[in-house]
Structure formats: C-alpha cells, structure tokens
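Chain residues, written in single-letter form:
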Amino acid sequence: MPKSRKRILTGDRPTGALHLGHYVGSLANRVKLQDDYESYIIIADVQALTTHWEKDENLTRDVFQIATDYLAAGINPEKSTIFIQSRIPEIHELTMYFSMYTSVNVLRHNPTIKSEAAQHGFKDITYGFLGYPVSQTADIAIFKADLVPVGEDQIPHIELARKIVRRFNDLYKPVLVEPQVLIGDIPRLIGLDGKAKMSKSLNNAIFLMDSPLEVEQKVQNAVTDPARIRKTDPGHPEVCTIFEYQKVFNPGEVEQIENECRQGKIGCVACKKNLASKLNLLLEPMRERRQKYSDRSLVMDILKEGTNRAHQVARETMADVREAMNINYFA
Ligand code: TRP
Ligand code: SF4
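Here goes a summary of the coordinates provided. Throughout this document, residue positions are counted from 1 along each chain, in the order its sequence is written. In the order they appear in the text, chains get letters beginning with A and ligands get numbers beginning with 1. Whole-chain, interface and lining totals are the exception, using all residues; otherwise, since this is a predicted model, local features are given only for residues with pLDDT of at least 70 and side-chain atom pairs are given and counted only at 80 or more. Hydrogen atoms and water are omitted, and side-chain values are computed over all heavy atoms in the structure.

One heavy atom within 4 Å of a molecule or strand makes the whole residue count as near it. Around ligand 2 sit Thr224, Asp225, Arg228, Cys240, Ile242, Phe243, Cys261, Cys268 and Cys271, and those are all the residues in its vicinity. Put simply, DSSP marks the helices as runs of H or I at least four residues long and the strands as runs of E at least two long, and each gets a number from the N terminus on. Elements with a contribution of two residues or more to the shell around ligand 2: α11 (241-249) and α13 (268-292). Residue polarity follows a fixed list, in which Ala, Val, Leu, Ile, Met, Phe, Trp, Tyr, Cys and Pro are nonpolar, Asp, Glu, Lys and Arg are charged, and the others, Gly among them, are polar. For the shell around ligand 2, the class distribution of residues is six nonpolar, one polar and two charged.

Attention shifts here to the packing of helix α3 (residues 59-73) against helix α14 (residues 296-324). Angle between the axes and distance between the axes are the two parameters that describe a pair of packed helices. Contact geometry of α3 with α14 gives a least axis separation of 10 Å together with a crossing angle of 90°. Compared by their axis directions, α3 and α14 come out roughly perpendicular. Only Arg296, Val299, Met300, Ile302 and Leu303 of α14 make contact with α3, whose side of the interface consists of Thr60, Val63, Phe64, Ala67, Thr68 and Leu71. In the contact of α3 with α14, the residues fall into eight nonpolar, two polar and one charged. To obtain an axis, a line is fitted to C-alpha atoms, over the contacting stretch when the element is a helix, and the angle between two such axes runs from 0 to 180 degrees between their N-to-C directions. Note that the term roughly parallel is reserved for angles under 35 degrees, roughly antiparallel for angles over 145, roughly perpendicular for angles of 65 to 115, and oblique for everything else. Should any heavy atoms of two residues lie within 4.5 Å, those residues are counted as being in contact.

Moving on, we come to the site of ligand 1. Not every one of the 14 residues close to ligand 1 is listed here, only the nearest: Arg13, Gln47, Gln136, Asp139 and Gln154. Here a nitrogen atom of ligand 1 sits 2.7 Å away from a polar atom, N or O, in the side chain of Asp139. Elements with a minimum of two residues in the shell around ligand 1: β1 (7-12), α8 (132-141) and β4 (147-150). Across the shell around ligand 1, the residue classes tally to six nonpolar, five polar and three charged. Polar contact is the term for a pair of N or O atoms within 3.5 Å; when the atoms are in protein, one must be able to donate a hydrogen and the other to accept it, and sequence-neighboring residues count only if both atoms are side-chain atoms.

Right, let's talk about helix α9 (residues 155-171) for a bit. The terminal C-alpha atoms of α9 lie 24 Å apart, and with 17 residues this matches the ideal 24 Å at 1.5 Å per residue to within 8%. The buried label applies to any residue whose accessible area, calculated with a 1.4 Å probe on protein chains only, is under 20% of its type's maximum; exposed applies above 50%, and partly exposed to all values in between. Every buried residue belonging to α9 is among His157, Ile158, Leu160, Ala161, Ile164, Val165, Phe168 and Asn169, and all of these are buried. Here the expected length of a helix is defined as 1.5 Å per residue gap, with one fewer gap than residues.

On to a nonpolar patch on the surface, then. Like-charged residues are merged into a patch within 9 Å and nonpolar side chains (Val, Leu, Ile, Met, Phe, Trp, Tyr) within 5 Å, provided each residue has over 30% relative accessible area and no salt bridge. Here, Shrake-Rupley sampling with a 1.4 Å probe gives the accessible areas, and only protein chains in the shown set may cover a residue. We count a salt bridge whenever a side-chain nitrogen from Lys or Arg sits within 4 Å of a carboxyl oxygen from Asp or Glu. Among the surface-exposed residues, Met96, Met100 and Tyr127 lie close enough to one another that they form a single nonpolar patch of about 420 Å² accessible area. Along the chain, the position of Met96 falls in helix α4 (residues 89-99).

Listed below in structure tokens is the structure:
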C-alpha cells in the first residue's frame, strides 16, 4: 500500500488510568499530530507483561482503560489507528528475526533498561524484559513508521531501532524504514506532592477521569509556598507546585499571578480555585467524550477495527521481510 502522508507510531503500556502528565507529555501532541500524519497508536500489552507478568488479570481492564482515556483525550479513531500489540502475531515473528543479530551486551547497557530494572528492583532480569527494546523495534518497523514521537527516556530505544533496521536492510534487502525520533518540547509534569513527576504509583496525579470535585480537592490539598501563612505574606512562586501548573495550564494569567503572589495580593486558596477551574475547563470536553464511550462495546469495536487495520499493514510488511530473508516458502 503506497503511503501518501508520513506515518507515525506511538503508544503506551497499559498500566492504569492516564493523568495530566500523560496529557501534556504526549496525548495533546498526538491529538495534534493525527491531523497531519498517518497515525498508529499501539497499546503495548505484551510490553506491559515484561514487568507485570503475574498480574495478567488486570490486563483486559487496563487495555480498556487506556483506550477509553485515548478517546476521551481526543484521539479520533477516524484519524488514528489504535491497536493491541499482542493481537498482531507478525510483530512477535519480526521480534524473533531481529533478536538473532541483536547483541545481549548492547541491551544490558541500554540506560533505560538499566534504570527501569533498578526501579522495579529486579535482581535478575528476564529474557522478555531485556528484549523489550527489540520487540519495540518490531512494533515500529512493521509499520514502516517514519517518525516516533516519544519522551526522552525512549530515545535509547529509538536509536537501537534505527540500528536494528539498518542492519536488517544491509543483511537482507532494504525493505524496512529507519525511524526517526520526534521529540516534543514539553517538559515532564511535576506531581501534586511537588517531589517527583506525576505518576499513578506515587499517588500524586490528577487523572483525566477525575470529577470536577476531585480536581478541586486535589488542587486545594496540594502544598504551596510554606513561607506563606497569611494572604499578605509575600510568596515565592518558584517553590510552589501550583505555580508550576499555572505556567502549563494557565499561561495567559501566569505573569499576573506571579506578581500578585510576590506582593502578597493573592491568597493561595484563590490561586488554587483559579487553577482548578482552568483544569476543569480542559477536562470538561474529555468528560463529555468519555460519557459517549461509556458503552464498552463502542470501545471494543474501535479496538477491533484498529487492530484489523494494523494487522493488514503488518501482514504486508512481513511478506516483504520473509521474501528478503528467503523464508517465504509458500508464497
Ligand atoms: N515503551 C513505550 C512506553 O513505555 C511503549 C511502546 C511500546 C512504544 N512500543 C512502542 C512507544 C513503539 C513508541 C513506539 O510507554
Ligand atoms: Fe503558589 Fe499561588 Fe500561593 Fe503563590 S499564590 S504560593 S503561586 S498557590
């Protein structure tokens, strides 16, 4: 199938509800990109198993959760193909071929693998975990994706993907496309505790599915500048988490808020109210779309259709791959 527009591939492991950190870090960008690129979004359930293999009863729930979050956030199934990794067996076939010439030492020294292994407290790492960058390369290569919009932690994986693809094209036949990283310029969003990035496991997140009241309460409970006791105390926005959010979610008023905070003219309660209303303004259309997708069979149909479409592309690439490798016995 000839490609008219450039193709992008992105995705996530399904490990729970998406939050504002995901929204500013990648979802908002994906929503924009789907207008200009042929866009594929992978729900990497097999990759989730590389760290969560014993919790597989949650996987179906998490796949639906992330698909619904995507749709609520504005991923349009008419423009983007959302699909499930495990249901495309050709990805796993291609992973196997790539693994024949990919060095174990190179994988062991991959900085993202190292830091994730430490994070999960793995003393011994499994074959599947060590090899997930190879599988991720197959995710990308099988769609002949030109661009992969990812965060910084994924760069080592895309570098590896480029090398694996280049090597394939040299060894066999140049049928695969070397992918390029498309980096968003949005920094990581800090969590409500102000200590680490927003993340579900740190319990410092505002979820896309939170109600207006939950958003208000979470914002009101966040710590601000500890030096401020009275409203008239001069504030230090640079140490305040709420101010970080004002910068991201309320850019039009941020200068005024900074001045009023420093001069003790605005109280934290009012500042937080203002922020919560901006967040709820952003989340409101997502709530409306989520309502529409509360019928699970709708989400199921979108996943089925996306996975079928993706499967067709994967089949076509694999026909080329097998031919290039001289293993297309029955063609
Ligand atoms: N590794 C990505 C994450 O941790 C998920 C992912 C799997 C992915 N396959 C991909 C991202 C292919 C981009 C391209 O979220
Ligand atoms: Fe933070 Fe706003 Fe309070 Fe200033 S007024 S310390 S920016 S919450």
